[in-house]
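Survey of secondary and tertiary structure
Letter by letter, the chains look like this.
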Amino acid sequence: QVQMVESGGGLGKTGGSLRLSCTASPPALTRGYTMGWFRQAPGKEREFVAAITWIGGTTHYVDSVRGRFTISRDNAKNTVYLQMNSLKLEDTAVYYCAASPKYDHRNIHSAQAQEFDYWGQGTQVTVST
């Protein structure tokens, strides 16, 4: 059974930064998987935020965070990170990490939630002025 454990959420200020982490265990079950971050704001559907491949670290972002957020991963630790800079009020949401075996550098731009097999429990990010 795969467990995805997120950390690093909390309160942030507009223009500020937060960093999320997510570790998948046991590592053997998600080795080679593309890792992603999704978010869900109150009253809205879950949306894709960013994803990164296992090999080569190819990344893909939703337009609303490109240039502000950076996804990265440490394969040795089976951990994915989301560095969130220049926070905006509209970044307020529950953030979920997820893992998928179905994406690589050729199709990561089409990443969708239904193709991710494993999910974390979510971590709240609240941005205020």
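Everything numeric here is computed off the predicted structure, so don't read it as measured data. (Residues numbered from 1 in each chain as written. Predicted model: local features only at pLDDT ≥ 70, side-chain atom pairs only at ≥ 80, totals over all residues. Heavy atoms only, no water.)

With that settled, the discussion passes to unusual backbone geometry. Note: most residues except glycine have negative phi, and most peptide bonds are trans. In the segment running from Ser-25 into Pro-26, the intervening peptide bond is cis, with an omega of -5°. Its location among the elements puts Pro-26 in the loop between strand 3 (18-25) and strand 4 (34-40). If you check the backbone angles, Asn-78 has positive phi at about 55° while not being a glycine. The residue Asn-78 is located in the loop between strand 7 (69-74) and strand 8 (79-84) in this model. A relative accessible area of 6% places Asn-78 in the buried class. The phi dihedral of Ser-86 falls on the positive side, at around 50°, and the residue is not glycine. Structurally, Ser-86 is set in the loop between strand 8 and strand 9 (93-100). (Helix = DSSP H or I, 4+ residues; strand = E, 2+ residues; numbered from the N terminus. Buried < 20%, exposed > 50% of the residue type's maximum accessible area, 1.4 Å probe, protein only.)

Before going further, it helps to spend a moment on the pairing of strand 9. On any regular strand, side chains alternate: one points to one face of the sheet, the next to the other face. Of all the 8 residues making up strand 9, 7 are buried; the element is thus mostly covered by neighbouring parts of the structure. Pairing analysis gives 7 bridges linking strand 4 to strand 9, with the strands arranged antiparallel. In the sheet register, Arg-39 faces strand 9, and the bridge partner there is Tyr-95. Across 3 bridges, the pairing between strand 9 and strand 11 (residues 123-128) is antiparallel. Its bridge partner lying in strand 11, Tyr-95 is registered against Thr-123. (Pairing = 2+ DSSP bridges.)

In this structure, Phe-38 sits in strand 4. Counting along the chain gives 11 residues from Phe-38 to Val-49, while the straight-line C-alpha distance between them is 5.0 Å. Leaving out residues up to four positions away in the same chain, Phe-38 has contacts with Arg-46, Glu-47, Phe-48, Val-49, Val-94, Tyr-95, Tyr-96, Ala-98, Gln-112, Ala-113, Phe-116 and Trp-119. (Contact = heavy atoms within 4.5 Å.)

Quick look at the pattern of salt bridges now. Within the structure shown, the criterion is met by 6 salt bridges. A salt bridge links Arg-66 to Asp-63, with the nearest nitrogen and oxygen atoms 2.4 Å apart. Taking relative accessible area as the criterion, Asp-63 reaches 63% and is therefore assigned exposed. Across the pair Arg-68 and Asp-91 runs a salt bridge whose closest N-O atoms are separated by 2.8 Å. Residue Arg-68 is located in the loop between strand 6 (59-61) and strand 7, and its partner Asp-91 is located in the loop between strand 8 and strand 9; the two are separated by 23 residues in the primary sequence. On the basis of relative accessible area, Arg-68 is assigned to the buried category, the value being 9%. Among the residues examined, Asp-91 registers a relative accessible area of 0% and is labelled buried. If you follow the salt bridges from partner to partner, you end up with Arg-39, Glu-47, Arg-68 and Asp-91 in one network. (Salt bridge = Lys/Arg side-chain N within 4 Å of Asp/Glu carboxyl O.)

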